[in-house]
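Fold and geometry: a report
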Amino acid sequence: MVRLHASCPCALLFVALFVLQLTAASVPAERPTIGLALGGGGANGLAHVVILELLDELDVQPDLIAGTSIGAIMGALYASGFSGKDIRALIDDVIAQETDGWRELLLDRKILRWIEFVDPSMGRGGLIRGDKFVSFLNDAIEMDTFEELPIPLKVVATSIKTGEQVVLDSGDIGPAVQASMAIPGLFEPVVIDGRPLVDGGLVNPVPFDLLLDECDFVIAVNVIGHLDQEKDPSLIDAMVNSTRIFQRSLLREKKKHREPDIFIDTQIKDIKVLQFHKAENIYGQAGDAVEELRQALQAKLGLEPEE
């Protein structure tokens, strides 16, 4: 038997290395910080719901969320503590489904909720009253400021004067979300700190770049959607489709410089910007994206696949 004397430097080095190996084996690897970027895309953004439900199922909780437009709405709800299923239930409670008739709408009072969101005068520069919708959102999350959110949130808007990106992550949540979703012509601009702000999708449709330097692992979800190629577009459709073309080009250029660890394109088709009543259709179309994300998370984060 060979005896190692403490006075021998080689013996001390051997003992030190042995202790380090035991320590490393007994301490579990630290979980990476996870960032979640939720993109904008009007009604297509309901696809975020099934994405969030999958994260809940796999127990993948983001440490930081960035959202644009409807991604800001979903991000605010999720960051406040709503689960994916909670958000689905809230949407079902507010939005009329394709199968709902007028009798069901009136009995459930859903049509009355939508009427109060509409500004018939359009005197303030928008068709839809964003302040009413945001009041509803604030009542749902029961929080007023970013600082109260359990998960930190960044919301993207666009300065209508300079065309620059504005990132909002402190102060009141409501005006920030209202600005981020303010599609020009549909919603009025929102003035924050003296700056009139509109839809963040004009400058950053999927804001994963805001997370790359702050998180170890970033998941980005694109819900811009695809154009309806079978029908001649109306004037509004042409305007929305033009924006989608621009946003996809912007996104392609951004990805050339830096990419998130997982990029999911939900591939939603033939849904117009305000067709929220097609929620079930959108959830169904996003099914392939959910499975793609499941496999990517299992592979990259070492999650155990389902039995």
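The coordinates are above.
Residues numbered from 1 in each chain as written. Predicted model: local features only at pLDDT ≥ 70, side-chain atom pairs only at ≥ 80, totals over all residues. Heavy atoms only, no water.

**Re a negative patch on the surface**
Rules: Only residues whose relative accessible area exceeds 30% and that form no salt bridge enter a patch; like-charged residues are grouped when within 9 Å of one another, and nonpolar side chains (Val, Leu, Ile, Met, Phe, Trp, Tyr) when within 5 Å. All accessibility values rest on the Shrake-Rupley procedure with a 1.4 Å probe; residue burial counts only the protein chains present in the view. Salt bridge criterion: a side-chain nitrogen from Lys or Arg within 4 Å of a carboxyl oxygen from Asp or Glu. In this tally Asp and Glu are treated as negative and Lys and Arg as positive; neither His nor the chain ends contributes. Where a charge sits is defined by one atom per residue type, namely NZ (Lys), CZ (Arg), CG (Asp) or CD (Glu). The helix and strand labels rest on DSSP assignments: H or I over at least four residues marks a helix, E over at least two residues marks a strand, and numbering proceeds from the N terminus. The rule is simple: take the accessible area with a 1.4 Å probe, protein chains only, and divide by the maximum for that residue type; under 20% is buried, over 50% is exposed, in between is partly exposed.
Residues Asp144, Glu147, Glu148 and Asp172 make up a contiguous surface patch of negative charge. In this structure, Glu148 sits in the loop between helix H7 (130–141) and strand S3 (153–159). Overall, the relative accessible area of 40% leaves Glu148 in the partly exposed class.

**Some thoughts on the pairing of strand S4 (residues 165–168)**
Put simply, the rule is: By this definition, two strands are paired if DSSP reports at least two bridges between them.
In S4, alternate side chains face the same way, and those of Val166 and Leu168 are buried while those of Gln165 and Val167 on the opposite face are not. As defined by bridge partners, S3 adjoins S4 across four bridges and the pair is classed as antiparallel. When the bridges of S4 are listed, Val156 appears paired with Val167. The antiparallel hairpin formed by S3 and S4 contains five residues in its connecting segment, where Gly163 sits at a positive phi of about 75°.

**Description of the nonpolar core**
The test is simple: Among buried residues, those of type Ala, Val, Leu, Ile, Met, Phe, Trp, Tyr and Cys that are joined through side-chain atoms within 4.5 Å constitute a nonpolar core. Should any heavy atoms of two residues lie within 4.5 Å, those residues are counted as being in contact.
Core analysis: the biggest nonpolar cluster contains 72 residues, and Leu46, Leu55, Ile87, Leu168, Ile219, Leu293 and Leu297 have the highest contact counts within it. Excluding its chain neighbours within four sequence positions, the residues that come into contact with Ile219 are Ile34, Gly35, Leu36, Ala37, Leu55, Ile262, Leu293 and Leu297. Ranked by size, the runner-up nonpolar core spans 15 residues in total, among them Ala66, Val206, Ala220 and Ile224.

**Points about the packing of aromatic side chains**
Given two aromatic rings, one states the distance between the centres and the angle between the planes to describe the pair. Selection criterion: Pairs were defined over the aromatic rings of Phe, Tyr and Trp, the Trp ring being its six-membered one, requiring ring centres within 6.5 Å. Orientation was assigned from the angle between planes: stacked under 30 degrees, edge-to-face over 60, tilted for the rest. Charge over a ring is defined by NZ of Lys or CZ of Arg lying within 6 Å of the ring centre and within 35 degrees of the ring normal.
Scanning all chains against the criterion turns up zero aromatic pairs. One residue, Lys254, lies across the ring of Phe208, its end atom 4.4 Å from the ring centre. When the ring centre of Phe263 is taken as reference, the NZ or CZ atom of Lys255 above it lies at 3.8 Å.

**With respect to the side chain of Ser159**
As for its position among the elements, Ser159 is in strand S3. The class for Ser159 is buried, based on a relative accessible area of 7%.

**Remarks on the environment of Pro205**
Mapped onto the elements, Pro205 comes out in the loop between strand S6 (195–199) and strand S7 (217–222). Separated by 48 residues in sequence, Pro205 and Ala157 place their C-alpha atoms 10.0 Å apart. With residues up to four places along the chain from it excluded, the contact list for Pro205 reads Gly39, Gly40, Thr68, Gly200, Ile224, Gln247 and Leu250.

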